[in-house]
Amino acid sequence: MADITGIRTPFYLYDLDLLKKTVSLASSEAGRYGYYIHYAIKANNDPVISSIIRDRGLGADCVSGNEVRRSLEYGFSPDTIVYAGVGKTDEEIKLALSENIFCFNCESVEELEVIGEIARVYGFKARVALRVNPAIEAETHRYITTGLDENKFGISLPHLKKALDICSNSDEIEFVGLHFHIGSQITSLEPYRRLCERVNSIWIEFDIERSGGRILNLGGGFGIDYTDPENNPIPDFGSFFALFNRHLSLPAGTEVRFELGRSLVGQCGRIVTRVLYTKKGVGKKFVITDAGMTELMRPSLYQASHRIINATSTGNPEKYDVVGPVCESTDVFGKDVILPETARGDIIHILSCGAYAGSMTLNFNLRDSAPSFYESGGSILTQTDLQGLNLQNR
Ligand SMILES: *Cc1c(COP(=O)(O)O)cnc(C)c1O
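Note that residues are indexed from 1 along each chain, following the sequence as it is written. Owing to the predicted nature of the model, reporting of local features is limited to residues with pLDDT of at least 70; listing and counting of side-chain atom pairs is limited to 80 or more, with chain, interface and lining totals taken over all residues. Side-chain calculation: all heavy atoms of the structure are included, whereas hydrogens and water are not.

Asker: What should I look at first to understand the pairing of strand β5 (residues 103-106) in this one?
Answerer: Look at any regular strand and the pattern is simple: side chains alternate between the two faces of the sheet. Side chains C103 and N105 of β5 all project onto a buried face; the interleaved residues F104 and C106 project onto the opposite face, where all are buried too. Taken together, the 2 bridges between strand β4 (residues 81-83) and β5 define a ladder with parallel strand orientation. Looking at β5, one finds that Y83 is bridged to F104. Note that the unit made of β4, helix α4 (residues 90-98) and β5 has a crossover that is right-handed. Between buried and exposed lies partly exposed: a residue is buried under 20% and exposed over 50% of the maximum accessible area for its type, with that area taken using a 1.4 Å probe on protein chains only. Each helix corresponds to a stretch of at least 4 residues labelled H or I by DSSP, and each strand to a stretch of at least 2 residues labelled E; elements are numbered beginning at the N terminus. Should DSSP find at least two bridges between two strands, the strands are taken to pair. A crossover counts as right-handed when, viewed with the strands pointing away from the observer, the path leading from the first strand over the helix to the second turns clockwise.

And the structure:
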């Protein structure tokens, strides 16, 4: 760990060597079977991180017009960009059409009609994959499961036929295939195995091949180890992609794609924060850090837990609630966390903050926004340093 004394806390610290290793491994394991990966840029839209991923040949998966715009600015080629989201505005649809992105992942019959209408008015052709809700339990926290029947995401199976008919009757819409995304932070392969079986049967039942479907996009959701990130920094992409290769049975020529976010970037980031106070409560002790839910919302949003370490102290182990300074009772990073005896000024690291931390920041309490630093080959660099190096060795 390079020296960080003197840098104002809190900040995000990204390990670029780990990021490169992770993305390269994911890419090569997917490549064994000819699978293609889009990076879900909502996980982390940092320019350095996104550029490293783009340079390794991945496409972008966007969920807003601004993410489409930003991906283009970062140099993702339009024909590698896909765009999902249940509430695309007319302006966002028009933007994506005029930038000629690869395809919309369309989430409802109603949206499909609007896309067709806007394409007609402005003289565009819209490539569309239909996002199907396969009614599969993702075995993850209920707030981040997306594939159940009455979920706001995707077209449920009873409406799929109608959506396919709209596509085949439209001159403006080109149906390219089906899209699925069943949830996030999925750590068992079992839901994915069930997804494969569901996909195989949907492909036949709805005669997707005859409708012109040649793309199967399976989304993302592959989880990371939040409990022991130091010993398990890179997800098992080998087993992940091998599972799909084993269980999918689709017509020859069907192209399989994924949209990975967390599994690519989650472990490469940490939050570095300083202890402001250790406060004695009645029955417990609190460590109050200068980072809060404004820098990492996951614990307060969906009861997520992150590994927390004290990088300063070597004292005897004690139990603390580690909390932020924000005026919300849910601004808690961890309860009953065992840390070496902790004092004001100690440096605390919150691990696994590469995904859904920096991209979810809040401005609540008018908090300053935390800067990002990058660790590469043992030195700590700023974005300006990296631009000076022209992102060398990326
Ligand atoms: C968020 C999202 C992803 C990425 O999810 P991860 O859990 O970060 O891999 C992929 N596809 C869609 C449509 C998403 O909304």
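From this point, the discussion proceeds with the structure in view.
Asker: What should I look at first to understand the packing of α4 against helix α5 (residues 109-122) in this one?
Answerer: Packed helices, taken two at a time, are described by their axes: the angle between them and the distance between them. Throughout, an axis means a line fitted to C-alpha atoms (over the contacting stretch in the case of helices), and angles, computed between N-to-C directions, take values from 0 to 180 degrees. In contact at an axis separation of 10 Å, α4 and α5 are set at 60° when each is read in the N-to-C sense. Put simply, α4 runs oblique to α5. In this structure, α4 crosses over α5, and the sense of that crossing is right-handed. Each of D90, I93, K94 and L97 in α4 lies in contact with α5, whose residues at this interface are V114, I115, I118, A119 and Y122. In the contact of α4 with α5, the residues fall into 7 nonpolar, no polar and 2 charged. Any angle that is under 35 degrees is reported as roughly parallel, and any over 145 degrees as roughly antiparallel; angles of 65 to 115 degrees are reported as roughly perpendicular and all others as oblique. Crossing handedness is defined as follows: a turn of the near helix away from the far one that is anticlockwise and smaller than a right angle gives a left-handed crossing, while the clockwise case is right-handed. Residues count as neighbours in contact if any of their non-hydrogen atoms are within 4.5 Å of one another. Only Asp, Glu, Lys and Arg are considered charged, only Ala, Val, Leu, Ile, Met, Phe, Trp, Tyr, Cys and Pro nonpolar, and every remaining residue, Gly among them, polar.

Asker: Honestly, the site of the ligand in this entry has me stumped. Any pointers?
Answerer: Being near a molecule or strand, for a residue, comes down to having at least one heavy atom within 4 Å of it. Near the ligand, the surroundings consist of 15 residues, among which K42, S184, E259, R262 and Y356 are the closest. Within the complex, the protein chains bury 95% of what would otherwise be the 390 Å² of accessible surface of the ligand. A 1.4 Å probe that fits into a set of points on a 1 Å grid over the protein atoms alone but cannot get out defines a cavity; an open set with protein on both sides within 12 Å along at least five of seven lines defines a pocket, and lining residues are those with an atom within 4 Å of a point. Think of it this way: if more than half of a molecule's atoms are within 2 Å of a pocket's grid points, that molecule is in the pocket or cavity. One can see that the ligand is located within the largest pocket. For the shell around the ligand, the residue count by class is 4 nonpolar, 6 polar and 5 charged. The Shrake-Rupley method, run with a 1.4 Å probe, gives the accessible areas here. Residue values count only the displayed protein chains as cover.

Asker: Help me understand the nonpolar core in this model?
Answerer: As a rule of thumb, soluble globular proteins bury nonpolar side chains together. In this structure, L130, L178 and F244 are the most contacted members of the largest nonpolar core, which totals 99 residues. In this view, F244 contacts Y35, Y192, C196, L218 and F258; residues no more than four positions away in its chain are not counted. We call a set of buried residues a nonpolar core when its members are Ala, Val, Leu, Ile, Met, Phe, Trp, Tyr or Cys and they connect through side-chain atoms within 4.5 Å of each other.

Asker: How do you make sense of the pattern of salt bridges when you look at a structure like this?
Answerer: The term salt bridge refers to a pairing of a side-chain nitrogen on Lys or Arg with a carboxyl oxygen on Asp or Glu at a separation within 4 Å. Under the criterion given, the structure shown has 18 salt bridges. Residues R54 and D55 are paired through a salt bridge, measuring 2.8 Å at the closest nitrogen-oxygen approach. For D55, a relative accessible area of 32% translates into the label partly exposed. One salt bridge connects R257 with E255, and the closest N-O pair in it is separated by 2.7 Å. Given a relative accessible area of 8%, R257 falls into the buried group. Take E255: its relative accessible area is 30%, and that puts it in the partly exposed class.

Asker: I keep staring at the domain arrangement of the protein chain and nothing clicks. Help me out?
Answerer: Interface size, as often reported, equals the accessible area lost upon joining of the parts. Segmentation into domains, and thus their bounds, comes from an automatic or database assignment. Segmenting the protein chain into domains produces domain 1 (16-266) and domain 2 (267-386). Computed from C-alpha coordinates alone, the two centres of domain 1 and domain 2 are separated by 32 Å. Tallying the contact residues gives 27 residues for domain 1 and 25 residues for domain 2. Here the buried area means the combined drop in accessible surface, using a 1.4 Å probe, for two parts upon being joined, counting both sides. For domain 1, the biggest contributors to the area lost against domain 2 are L16, Y226 and G266; these three give 25% of the whole.

Asker: How do you make sense of the pairing of strand β11 (residues 269-280) when you look at a structure like this?
Answerer: For strand β1 (residues 11-15) and β11, the ladder comprises 4 bridges, and the chain directions are antiparallel. Among the inter-strand pairings, Y12 is bridged to a residue of β11, identified as I271. Summarising the sheet, β11 and strand β16 (residues 347-350) pair through 4 bridges and their orientation is antiparallel. When the bridges of β16 are listed, T273 appears paired with I348. Of the strand pairs in this sheet, β11 and strand β12 (residues 285-289) are connected by 5 bridges, and their pairing is antiparallel. Residue pairing across strands places K279 opposite F286, the latter belonging to β12. Taken together, β11 and the strand that follows it, β12, pair antiparallel across an intervening segment of 4 residues.

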